[in-house]
Amino acid sequence: MQTSEQRNARHKKAMQRKKEHIDNKIDQATVDKGLMVVLTGNGKGKSSSAFGMLARSVGHGLNCAVVQFIKGVWETGEHLLFQNHPLVEFHVMATGFTWETQDRDKDIAAAQCTWGQAAQLLRDENVDVVILDELTYMLTYGYLDKQHVLEALSNRPQGQHVIVTGRNASRELIELADTVAELDSVKHAFDSGVKVHKGIDY
Ligand code: ATP
Ligand code: MG
């Protein structure tokens, strides 16, 4: 049976080893550059994670921009909160979901117009953080030219962070990114007939 003194001594030793390991990792992280983050997968949490990073960035006084490539039926909390914020430029694609508009030509025109705004932000050195929410669908549906998008992402200003969300991120997007998370769905309330809720879903 261990005494509490022995337990504390073991804990202290383990924590010292852990601290050494973390300090080493911090020392090894010497590269400073704008990051590209991709949040993909079928699970919930892609856009809300991106807007969590937006909140952090705004908290630090960074200049931010959001381009949302799919406009939902409901006004989102993130739009209500950030649309008039002095540090955030917020663009939302004019049309609704592609299964709502059911008009491919109209969707393509809207996607390209919205991409024009994104491309401009990706050239602007004064913008520190760009969120391209639901961009992956524009590539999956073939509404935007993949090569063109990849070039704009890789030629952005050196210190600019960019966050891309949406399911089925392509291999090229994943390769270009520095950080990629794939959110898995374990269960979602909507699938068992529960209504969507303000704050949690939109
Ligand atoms: P969130 O905006 O909540 O972070 P997301 O960006 O990961 O979600 P999207 O595919 O963009 O997911 O879908 C947005 C909406 O769909 C949200 O209302 C979310 O709750 C819901 N949703 C997300 N994942 C699932 C899922 N696996 N099944 C059903 N509904 C989902
Ligand atoms: Mg989303």
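Right above here is the structure, for reference.
Chains are numbered independently. Their residues run from 1 in the order of the written sequence. Each chain takes a letter, starting from A, and each ligand takes a number, starting from 1, following the order in which they are written. Since the coordinates come from a predicted model, pLDDT governs what is reported: local features require at least 70, and pairs of side-chain atoms require 80 or more to be given and counted, while whole-chain, interface and lining totals use all residues. Just so you know, side-chain values use all the structure's heavy atoms and leave hydrogens and water out.

With that settled, the discussion passes to the packing of aromatic side chains. Classification of ring pairs rests on two measures: the distance between centres of Phe, Tyr or Trp rings, Trp counted by its six-membered ring, which must be within 6.5 Å, and the angle between planes, read as stacked under 30 degrees, edge-to-face over 60 and tilted in between. Going through the model one piece at a time under the given rule, you end up with four aromatic pairs. Arranged with centres 5.1 Å apart and planes meeting at 25 degrees, the rings of Trp74 and Tyr202 form a pair that is stacked. Here Tyr202 lies in the segment after strand 6 (179-182) and Trp74 lies in the loop between strand 2 (64-68) and helix 3 (77-82), a separation of 128 residues in the sequence. Considering the side-chain rings of Tyr141 and Tyr143, the 5.3 Å spacing of their centres and the 45 degrees angle between planes classify their relative orientation as tilted. According to the relative accessible area criterion, Tyr141 is partly exposed, its value standing at 30%. Classification of Tyr143 by relative accessible area gives buried; the value is 6%. Secondary structure elements follow DSSP: runs of H or I of four or more residues count as helices, runs of E of two or more count as strands, with numbering from the N terminus. We call a residue buried when its accessible area falls under 20% of the maximum for its residue type, exposed when it is over 50%, and partly exposed in between, using a 1.4 Å probe and counting protein chains only.

What follows covers the sheet that holds strand 1 (residues 36-40). When DSSP finds two or more bridges between a pair of strands, those strands are recorded as paired. Pairing is parallel in the open sheet, where six strands are placed in the order 3-2-4-5-1-6. Edge positions in the sheet fall to strand 3 (88-92) and strand 6, since each of these pairs with one other strand and no more. Each strand axis lies, on average, 10 degrees off the axis of its neighbour in the sheet, ignoring direction. With four bridges joining them, strand 4 (residues 129-133) and strand 5 (residues 161-165) adopt parallel strand pairing. For Val130, the partnering residue across the bridge sits in strand 5 and is Val162. For helices, the axis comes from a line fit to the C-alpha atoms of the stretch in contact; other axes are also lines fit to C-alpha atoms, and the angle between any two N-to-C directions lies between 0 and 180 degrees.

Donor atoms (N, O, S) are those found within 2.8 Å of the metal centre, with the cutoff raised to 3.2 Å for Na, K and Ca; water is not part of the atom list, so apparent gaps in a site can occur. Around the magnesium ion (ligand 2), the protein supplies Ser47 (OG) and Glu134 (OE) as donor atoms, at distances of 2.1 Å. Taken together, the residues Ser47 in helix 2 (residues 46-59) and Glu134 in the loop between strand 4 and helix 6 (135-140) connect sequence positions 87 residues apart. Of the two residues examined, Ser47 and Glu134, each falls in the buried class.

This next bit is on the pairing of strand 4. Across the five residues of strand 4, five count as buried, placing the element largely inside the fold. What you see with strand 4 is no split at all: Val129, Ile131 and Asp133 on one side and Val130 and Leu132 on the other are buried throughout. In terms of strand pairing, strand 2 meets strand 4 through five bridges, oriented parallel. The residue of strand 4 that forms the bridge with Ala65 is Val130.

What follows is about helix 5 (residues 104-121). Spanning 18 residues, helix 5 covers 26 Å between terminal C-alpha atoms, matching the ideal 26 Å at 1.5 Å per step. Within helix 5, the full set of buried residues consists of Asp107, Ile108, Ala110, Ala111, Thr114, Trp115, Ala118, Ala119 and Leu121. The span expected for a helix works out to 1.5 Å for each residue beyond the first.

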